[in-house]
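Descriptive analysis of the structure
The residues making up each chain are set out below.
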Amino acid sequence: MKYFNFWNEVPTPSYVVHKEELEKNLEILAKLQDETGAKVLLAQKCFSMYYYYPLIAKYLTGTASSGLYEARLSKEYFKKENHTYSPAFKEEDFDEVLKYSDHIVFNSFNQLKKFGEKAKTYGKSVGLRLNPEKSTQNNPLYDPASPNSRLGVPIGEFVSEETDILDGFHFHTLCEQDADDLEITVNAVEKNFGVYLKGKKWLNLGGGHHITREGYNIELLKRIIKNLQDKYNLEIYLEPGEAIALNAGFLVTEVLEAKEKRQVAIVDTSAACHMPDVLEMPYRPFIINSYPAKEKPYNYKIGGPTCLAGDVIGEYSFDAPLKEGDRLVFTDMAIYSMVKNNTFNGMPLPSIIAFDGKNWKIVKKFSYEDFKMRL
Ligand SMILES: Cc1ncc(COP(=O)(O)O)c(C=O)c1O
């Protein structure tokens, strides 16, 4: 097992985020910025482990925030450019949002009318999210371009007379996708909104670009960026989340009980609480030293200790039987994990650990109080 001794030392459950893996991704993204002049922002909704913000800030231009709290986290720990977009800003939050944001992106002309002038008065760059109404994926849960989506302004609702106040436009439609899908989306944006891009300062291409995944077509991405820059003279922003911490995190867990005959095992982590995307997407995360179901002699359906019958992480097989106290290490657990976890059933939250390739240290440890204070 990779880093075998280390896995046995850390408390379980814990999210371990590997600095060197993070830096591998950041180097790819920094190179993209250098080669194209486009600016890359960290989408905090995916990865908000602010312990690493000073490191990430060395490579990237800034952050993308989903509202007041993320904007404040960025201001406190990232300390660079921050772009805040929300499907609907709340009146009582807005002054504080302005304090922490450089770009404010609105989701509708109604919100633009309500808050746009104020944002301008405070010297902010103001944008509007567009909906190109072009789906390039099959999962409606993650497809902002699906029919009747509430995200972004479709061409049918576009009010060309009210665009003078805008400095730029934003769109986001992708999820774990490659540059060919971005190209299809950009074509749809240009077809519907191309005339309005002229004379503006920037265009934000959102997130969902799996730029750091092996095999991603980065040359096509560069061509798309260059084409937009040349044609419209725009500053191009990208705000990926996953691409920044892809494959940089692990969830280290311990087997609490393994029943070989019934082919079930219970671990001290929960899909519902600690890796909700496993149930939501759904997908089967990889466990180091495991194999697909039934490929090896020892087969287990692995799940958590909550009451939810469906709190099953997946079915796996192993070379040897699992036993109480064994460590199981789930990979790619930095993204949409600690930002989405919860304490359903009173489940303890996993510790957060930073690993620099040699040493590990606990950055955050949680207790009963963290469960109680939210109730
Ligand atoms: C507006 C916006 N920007 C950026 C992102 C980040 O996407 P990802 O983590 O898939 O790259 C999302 C994800 O939902 C989003 O909604």
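Since this is a predicted model, take the numbers as computed values, not measurements.

On to the overall build of the chain. Regarding its fold elements, the chain presents twelve helices and 17 strands. For 375 residues, the compact-globule estimate of 2.2 N^0.38 gives 21 Å, and the C-alpha radius of gyration of the chain, at 22 Å, lies within 12% of that figure. By the burial criterion, 42% of the 375 residues in the chain qualify as buried. Within the chain, contacts between residues separated by at least 24 positions form 68% of all contacts whose residues are at least 6 apart in sequence.

We now examine the packing of helix α2 (residues 19-36) against helix α8 (residues 218-232). One can describe the packing of α2 onto α8 by two numbers: an axis separation of 11 Å at closest approach and a directional angle of 40°. Between α2 and α8, the interaxial angle falls into the category oblique. Both α2 and α8 take part in a crossing whose hand is right-handed. Residues Leu32, Glu35 and Thr36 of α2 form the contact with α8, whose participating residues are Ile218, Lys222, Ile225 and Lys226. Taken together, the residues that form the contact of α2 with α8 break down as three nonpolar, one polar and three charged.

Glancing now at the domain arrangement of the chain. Assigned domains of the chain: these are domain 1 (4-16 + 249-333 + 341-372) and domain 2 (37-245). Each of domain 1 and domain 2 has a C-alpha centre, and these two points are 34 Å apart. Between domain 1 and domain 2, the residue contacts involve five residues of the former and four residues of the latter. Of the residues contributing to the side of domain 1 that touches domain 2, the split by class is three nonpolar, one polar and one charged.

Turning our eyes to something else, we now look at the sheet that holds strand β6 (residues 125-129). Whether parallel or antiparallel, the strands of a sheet pair through hydrogen bonds between backbone atoms. Ordered by their spatial adjacency, eight strands build a closed barrel running β2-β3-β4-β5-β6-β7-β8-β9, and the pairing between neighbours is parallel. Within this sheet the neighbouring strands show an average axis-to-axis angle of 25°, counted without direction. Bridging between strand β3 (residues 62-65) and strand β4 (residues 81-85) involves four bridges; their strand directions are parallel. Its bridge partner being in β4, serine 65 is matched across the sheet by threonine 84.

Okay, the packing of helix α4 (residues 68-78) against helix α5 (residues 91-100) next. When two helices pack together, their arrangement is given by the angle between the helix axes and by the axis-to-axis distance. Running from amino to carboxyl end, α4 crosses α5 at an angle of 30°, the nearest separation of the two axes being 9 Å. Taken together, the axes of α4 and α5 are roughly parallel relative to one another. For the element pair α4 and α5, the recorded crossing hand is left-handed. Across from Leu68, Ala71, Arg72, Ser74 and Lys75 in α4, the residues of α5 making contact are Asp93, Glu96, Val97 and Tyr100. Here the contact of α4 with α5 is built from residues that sort into four nonpolar, one polar and four charged.

The side chains of a regular strand alternate between both faces of the sheet. Counting buried positions over the five residues of β4 gives four, a clear majority of the element. By the bridge criterion, three bridges tie β4 to strand β5 (residues 103-106) in an arrangement that is parallel. Its bridge partner being in β5, tyrosine 85 is matched across the sheet by valine 105. Each parallel crossover has a hand, and for β4 linked through α5 to β5 it is right-handed.

Within the element layout of this structure, glycine 346 appears in the loop between β15 (327-331) and β16 (351-355). Under the C-beta neighbour-count criterion, glycine 346 is labelled exposed, with 11 such atoms within 10 Å. On a C-alpha basis, the gap between glycine 346 and threonine 306 in space is 8.7 Å, while along the polypeptide they are 40 residues apart.

This paragraph deals with the environment of isoleucine 352. Here isoleucine 352 shows up in strand β16. Note on isoleucine 352: 19 C-beta atoms within 10 Å, which makes it partly exposed. Between the C-alpha atom of isoleucine 352 and that of tyrosine 51, which follows or precedes it by 301 residues, the distance is 9.8 Å. Contact partners of isoleucine 352, with chain neighbours within four places excluded, come to Tyr15, Met49, Met338, Val363 and Lys364.

The subject of this paragraph is unusual backbone geometry. Looking along the chain, the bond that leaves threonine 12 and enters proline 13 is cis, with omega of -5°. Here proline 13 shows up in the loop between α1 (4-9) and β1 (14-18). Cis geometry is found at the peptide bond from methionine 281 to proline 282, where omega equals -15°. Here proline 282 is to be found in the loop between α11 (277-280) and β12 (291-292). One non-glycine residue, lysine 294, lies in the positive phi region at around 70°. For lysine 294, a count of 11 C-beta atoms within 10 Å corresponds to the exposed category. Backbone geometry at aspartate 332 places phi at a positive 55°, although glycine is not the residue there. Inspection of the secondary structure assignment puts aspartate 332 in the loop between β15 and β16. A residue is classified by how many C-beta atoms lie within 10 Å of it, and aspartate 332, with 19 of them, is partly exposed.

Another aspect to go through is helix α7 (residues 179-197). In an α-helix, one turn spans 3.6 residues, which is why side chains three or four residues apart end up on the same side. Its 19 residues place the ends of α7 only 21 Å apart at the C-alpha level, less than the 27 Å of an ideal helix rising 1.5 Å per residue. Maximum bend of α7: about 60°, positioned at lysine 191. The complete set of buried residues in α7 reads Ala179, Asp181, Leu182, Thr185, Val186, Ala188, Val189 and Phe193. Turning to α7, the residues buried within the fold contact β7 (168-170) and α8. Taken from the residues just after α7, glycine 199 is the one with a positive phi, measuring 85°.

Cut-offs and rules
Residues numbered from 1 in each chain as written. Predicted model: local features only at pLDDT ≥ 70, side-chain atom pairs only at ≥ 80, totals over all residues. Helix = DSSP H or I, 4+ residues; strand = E, 2+ residues; numbered from the N terminus. Rg over C-alpha atoms; globule rule 2.2 N^0.38 Å. Buried ≥ 20, exposed ≤ 12 C-beta atoms within 10 Å, placed from the backbone. Contact = placed C-beta atoms within 7 Å. Axes fitted to C-alpha atoms, helices over the stretch in contact; angles between N-to-C directions. Parallel < 35°, antiparallel > 145°, perpendicular 65-115°, else oblique. Left-handed = near helix turned anticlockwise from the far one by under 90°. Nonpolar A, V, L, I, M, F, W, Y, C, P; charged D, E, K, R; others polar. Domains from an automatic or database assignment. Pairing = 2+ DSSP bridges. Right-handed = clockwise from strand over helix to strand, strands pointing away. Expected span 1.5 Å × (residues − 1). Bend = angle between axes of the 7 residues up to and from the residue.

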